[in-house]
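Geometric and topological summary
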Amino acid sequence: MSSVWTQLEPHLAGVERPARYIGLELGARRPTAAEGAVSWLLTYPDTYEIGLPNQGLQILYEILNERDDAVAERTYAPWSDLEAVMRREGIPLFSVDTHRPAHEFDVLAFNLSAELTYTNLLNCVDLAGVPVRAADRRPEHPLVVAGGHCTYNPEPLADFLDAVVLGDGEEVVAEITEVVRDWKASGRAGGRDGVLRALAQVPGVYVPSLYEVAYGDDGTIAAVTPRHPDVPERVEKRTIADLAEWPYPRRQLVPLTEVVHDRLNVEVFRGCTRGCRFCQAGMITRPVRERPAEQVRTMVSEGLRRTGYDEVALTSLSTADFSGIEEVVEGIVDDPAACGQVSVSLPSLRVDAFTVGIATQIQKARRTGLTFAPEAGTWRMRQVINKLIREDDLYGAVEAAFASGWRRVKLYFLTGLPSETDEDTLGILELARNCVELGRRHTRNVSVKASVGGFVPKPFTPFQWFGQNTLEELERKIGLLRDGARKVKGLQLTWHDPKASLVEGLLSRGDRRLGPVIEQVWREGGTFQEWSEHFSLDRWLKAMADHGLDVDWYVHRHRTEDEVLPWDHLSAGLHRDFLWQDWQDALAEVGLPDCRWTPCYDCGACTGYGIEHVVASTTPPAGGSQGTGQDLSTADRVTSVPVVLRTSSLTGADR
Amino acid sequence: MSEAPAPHAAEGREPRGPAPRLRIRYSKQGKVRFTSHRDVARIWERALRRAQIPIAYTEGFAPRPKLSFGLALSTGYESLGEYLDVALRVPLDHVAVEQVPALLAPALPAGIEVQSVVALPPGEPSLQQVVTSCTWHIEVGDLGPSDVAAGVARALEATELPLTRERKGQTVTDDVRPAILDLQVLGPVTEVVAPLAPTATGTATALRAELATQPRALRPTELIAAIDPTWVVVRVTRLHQWTQAGGARREVIDLGPAATPPPHAERRAS
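Our subject in this report is the structure included herewith. Small disclaimer: the values here were computed from a predicted structure and weren't measured.

Things to note about the interface of chain B and chain A
Taken together, the contacts link 29 residues of chain B with 31 residues of chain A. Taking both sides of the interface into account, the surface hidden between chain B and chain A amounts to around 2,600 Å²; carbon and sulfur atoms contribute 55%. Along the lines of polarity and charge, the residues of the side of chain B that touches chain A split into 14 nonpolar, five polar and ten charged.

What follows is the structure, encoded as structure tokens:
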């Protein structure tokens with residue numbers, strides 16, 4: 001095994017934050033591969049600061065390194081200053097663990113969590129010295145594979161990925177390791193095609209090159225067909241049945257330099273059945289699988305002791321829903337070993353006074369700010385998106401927060417939602433303004449921060465058929481909010497760049513024809529597109545135009561029920577007719593309560609895998625209103641708004 | 001572990017609060033030298049918690065461990081003499097000071113090693129106050145000893161050595177000659193280790209410099225820039241931090257004559 005360290009070392013003092021390239025984290029391995037073992041380079045295609053905390057990669061890092069027939073190391077996208085040095089000096093992409101060149105690994109495995117990192121994936125493959133197009137790779141080149149939420153529509157990256165993994169990675173990495181190990185042992189029998197055909201037999205693994213895509217005259221997909229009889233027509237996602245069997249990461253990495261989410265993270269459950277219709281994570285990770293409270297307690301106390309962190313996040317898509325959350329939180333805060341210095345953070349707090357009560361209890365040590373996500377400004381809009389929070393819930397939560405001593409409250413909203421009117425948009429301002437007023441009763445230094453993102457429809461959600469708002473429309477709506485927010489003292493408005501939302505929309509629902517576009521943007525220098533100083537919409541628009549592709553058609557067009565979507569040959573376990581019905585319910589402004597505590601809607605997530613929600617408590621959590629104990633019929637519905645999607649928003653304001 | 005007597009308080013300085021404190025001397029070498037001063041502070045916070053040292057915290061909404069570092073070491077420099085003061089939340093006689101190094105060793109990353117831990121008497125001034133100068137090992141790349149010696153001689157003979165630096169957004173030129181307390185050419189280096197910059201020949205010339213830290217610290221790169229701006233610094237190691245005691249200069253925590261290895265003989269962390 002070689003190392004690029006001596007080549008790299010003299011240049012590190014000349015780049016920004018060199019500590020991100022040295023490894024040495026607590027929990028890092030310097031594995032030595034046994035003869036015939038499969039070596040994985042786990043790659044997050046963005047900076048170390050963003051990528052290191054990724055729990056998915058950390059879990060796989062441990063699981064693979066526990067095997068006798070596998071080793072795993074890690075890498076992240078080098079920042080542009082180091083990339084320039086690497087290209088000038090001929091230094092290839094390397095692992096941070098042993099500084100081994102990337103091309104010496106058998107598998108380059110990428111986590112894809114954001115569309116705007118796609119060009120970084122190409123850049124990392126190229127820096128590794130591996131051909132970016134899968135078709136140009138030879139048997140001795142590493143396999144380029146990807147997992148993560150974006151892989152539910154991997155089609156825009158089909159030209160570049162050898163294989164794609166859908167769903168939970170814990171079990172499937174072992175199966176992939178075995179296939180690659182046996183292929184290597186066979187002298188790489190059948191060449192690259194040999195191993196790809198074998199991988200296509202592994203449930204949850206999709207090999208894009210083994211499928212033929214045919215297009216109709218109208219530009220939509222006519223059919224996606226396997227090229228061989230043994231290749232499955234539809235690839236189902238992988239789901240682990242019991243989180244308790246996977247208490248990972250056991251040895252969370254503790255970096256030497258500052259990263260995002262720099263704290264102990266303990267996943268308390270996976271999956272979500274709140275049913276927020278805009279939320280891809282909530283749809284594709286079903287069913288709900290809770291970790292036993294006792295295991296959570298052990299992972300927290302051992303993790304804090306091992307890492308020296310003074311903060312632990314209990315992670316999930318809605319942590320306040322965890323059965324017995326109060327007892328778990330109390331146990332952490334009152335643990336004598338914590339000396340009163342450990343703070344607990346609960347990302348994705350539900351919006352109600354109950355959660356503020358928990359927050360008050362756990363943030364004794366460190367009281368920063370509280371974040372709520374009402375997502376939309378009016379009850380009508382929240383019924384459309386199935387985020388069933390009533391205004392009283394929000395005001396109750398905010399009132400409780402200010403009464404308990406918080407001075408800063410952050411609110412998350414989406415704009416550009418299906419059927420959204422200006423009244424809905426401006427409702428965001430109304431909610432935020434009222435929160436400022438509530439705060440004034442308790443403190444003069446009230447700060448309410450409203451963060452607004454342009455809605456990007458995602459595959460495998462009920463909104464996958466919805467035409468995204470145009471750039472002009474999103475900018476107009478943000479303008480409305482900005483004008484209004486200026487007049488409210490104590491209210492700060494921030495927003496996600498609608499230009500970035502446009503590219504996210506293009507990639508999230510794009511098809512294979514976008515491959516050359518991504519490649520061109522990358523070749524013209526378009527890396528680190530998540531970073532505003534590197535992002536350029538013009539580069540994307542030019543690449544689309546150069547390849548004769550219509551941005552409007554891809555991003556802003558409403559899809560019909562019978563259209564073959566680019567990801568229809570993949571499955572997140574959800575029945576397509578469930579999603580379509582939920583889309584129709586959305587347009588009819590009909591909310592859908594959480595199925596953990598109501599009868600099954602047959603979305604397909606449980607029945608398809610023969611498993612059920614693993615929930616310790618059969619009763620809904622106390623105080624919750626978001627689809628838990630709430631009687632929807634008594635909700636004060638805004639009857640003046642038509643119950644169907646208005647055509648004006650389909651063809652008028654949106655286009 | 002040597003139980004060196006604590007240095008005497010400098011005259012005319014306000015004593016710090018009553019919290020009992022430990023003073024830790026440590027080294028920073030190898031890959032870990034690329035961590036920043038801020039990074040090192042966080043590494044220590046976690047290491048102290050991992051080792052279950054009963055550290056004191058600040059009051060208020062955002063309590064932080066009460067740690068106090070000496071003069072920041074630039075990212076990329078190595079050191080054989082770094083210091084850190086740790087406030088405790090328990091009286092000193094509750095802590096087995098001699099056991100602290102062994103507790104900390106497994107809690108620190110490769111390349112950061114505890115050399116000594118002493119208990120500080122109450123009222124002892126801070127590291128920032130007591131340290132008056134530092135000794136540095138500096139290597140200048142792709143130059144022979146005679147070239148370097150000529151430059152050094154010119155600099156030492158000069159009555160003034162003006163250097164233009166940025167200070168709080170303003171460009172300031174001042175004379176750094178008084179901050180050079182000692183400067184010697186050690187000789188040629190045939191293979192640069194722990195490099196800060198590439199060399200064409202792989203060779204360098206080593207210098208040893210004692211530079212004042214008060215009223216304003218002169219950094220090794222600033223020294224070299226003042227001597228000859230074309231010289232390239234390819235390695236820097238801090239060897240000592242000095243304080244004044246009874247009119248004489250002494251190391252803040254002296255490890256004894258044999259305890260400080262020469263910079264070329266140290267155990268590499270990478």
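From this point, the narrative continues.
Focus on the sheet that holds strand S4 (residues 143–147) of chain A
Residue and element names in this part refer to chain A. Reading across the sheet, the six strands line up as S2-S1-S3-S4-S5-S6 and stay open at both edges, with mixed pairing between neighbours. Looking at which strands have only one partner, the edges of the open sheet turn out to be strand S2 (70–76) and strand S6 (205–206). Across the sheet, helix H3 (residues 55–65) is in contact with strand S1 (38–44), S2 and strand S3 (107–111); its angle to S2 comes to roughly 155°. Helix-sheet contacts for helix H7 (residues 191–199) involve S4, strand S5 (163–165) and S6, and the interaxial angle to S4 is about 25°.

Regarding the packing of aromatic side chains
Taken as a whole and judged by the stated rule, the model has 15 aromatic pairs over all chains. Here Trp79(A) and Phe528(A) contribute two aromatic rings whose centre-to-centre distance is 4.5 Å and whose plane-to-plane angle is 55°, an arrangement assigned as tilted. Here Trp79(A) is found in the loop between S2 and helix H4 (80–89), whereas its partner Phe528(A) is found in the loop between helix H17 (515–523) and helix H18 (537–546), with 449 residues between them in sequence. A residue is classified by how much of its surface remains accessible, and Trp79(A), at 10% relative accessible area, is buried. Ring plane angle 80° and centroid distance 5.8 Å describe the contact between Tyr77(B) and Trp136(B), whose orientation is recorded as edge-to-face. Here Tyr77(B), found in the loop between strand S2 (67–69) and strand S3 (78–87), pairs with Trp136(B), found in strand S5 (residues 131–141); they are 59 residues apart in sequence, far enough to count as distant. An identical accessibility class is assigned to Tyr77(B) and Trp136(B); each is buried. Put simply, the rings of Phe455(A), Phe463(A), Phe466(A) and Trp583(A) pair up and form one aromatic cluster. One residue, Arg250(A), lies across the ring of Tyr248(A), its end atom 4.7 Å from the ring centre. Stacked on the ring of Trp5(A), the Lys or Arg Lys31(B) has its end atom at 4.9 Å from the ring centre.

Some details on the sheet that holds strand S13 (residues 311–315) of chain A
In a beta sheet, neighbouring strands are held together by backbone hydrogen bonds and run either parallel or antiparallel to one another. Residues and elements named next belong to chain A. Read from one edge to the other, the open sheet built from three strands follows the order S10-S13-S14, with strand pairing classed as parallel. For this open sheet the edge positions go to strand S10 (264–267) and strand S14 (343–345), each flanked by a neighbour on one side alone. Between one strand axis and the next, the sheet turns by 25° as a mean value, whatever way the strands run.

Some thoughts on the environment of Thr237(B)
All names here are of chain B. When you line up the elements, Thr237 lands in strand S10 (residues 233–245). Separated by 209 residues in the primary sequence, Thr237 and Lys28 place their C-alpha atoms 9.2 Å from one another. Beyond its immediate stretch of four places on either side in the chain, Thr237 contacts Glu78, Ser79, Leu80, Thr135, Trp136 and His137.

Some remarks on the side chain of Gln58(A)
The residue Gln58(A) is located in helix H3 in this model. By relative accessible area, Gln58(A) is classed as buried at 3%.

Calculation notes
- Residues numbered from 1 in each chain as written.
- Chains lettered and ligands numbered in written order.
- Predicted model: local features only at pLDDT ≥ 70, side-chain atom pairs only at ≥ 80, totals over all residues.
- Heavy atoms only, no water.
- Contact = heavy atoms within 4.5 Å.
- Buried area = accessible area lost by both parts, 1.4 Å probe.
- Nonpolar A, V, L, I, M, F, W, Y, C, P; charged D, E, K, R; others polar.
- Pairing = 2+ DSSP bridges.
- Helix = DSSP H or I, 4+ residues; strand = E, 2+ residues; numbered from the N terminus.
- Axes fitted to C-alpha atoms, helices over the stretch in contact; angles between N-to-C directions.
- Phe/Tyr/Trp six-rings, centres within 6.5 Å; stacked < 30°, edge-to-face > 60°.
- Buried < 20%, exposed > 50% of the residue type's maximum accessible area, 1.4 Å probe, protein only.
- Lys NZ or Arg CZ within 6 Å of the ring centre and 35° of its normal.

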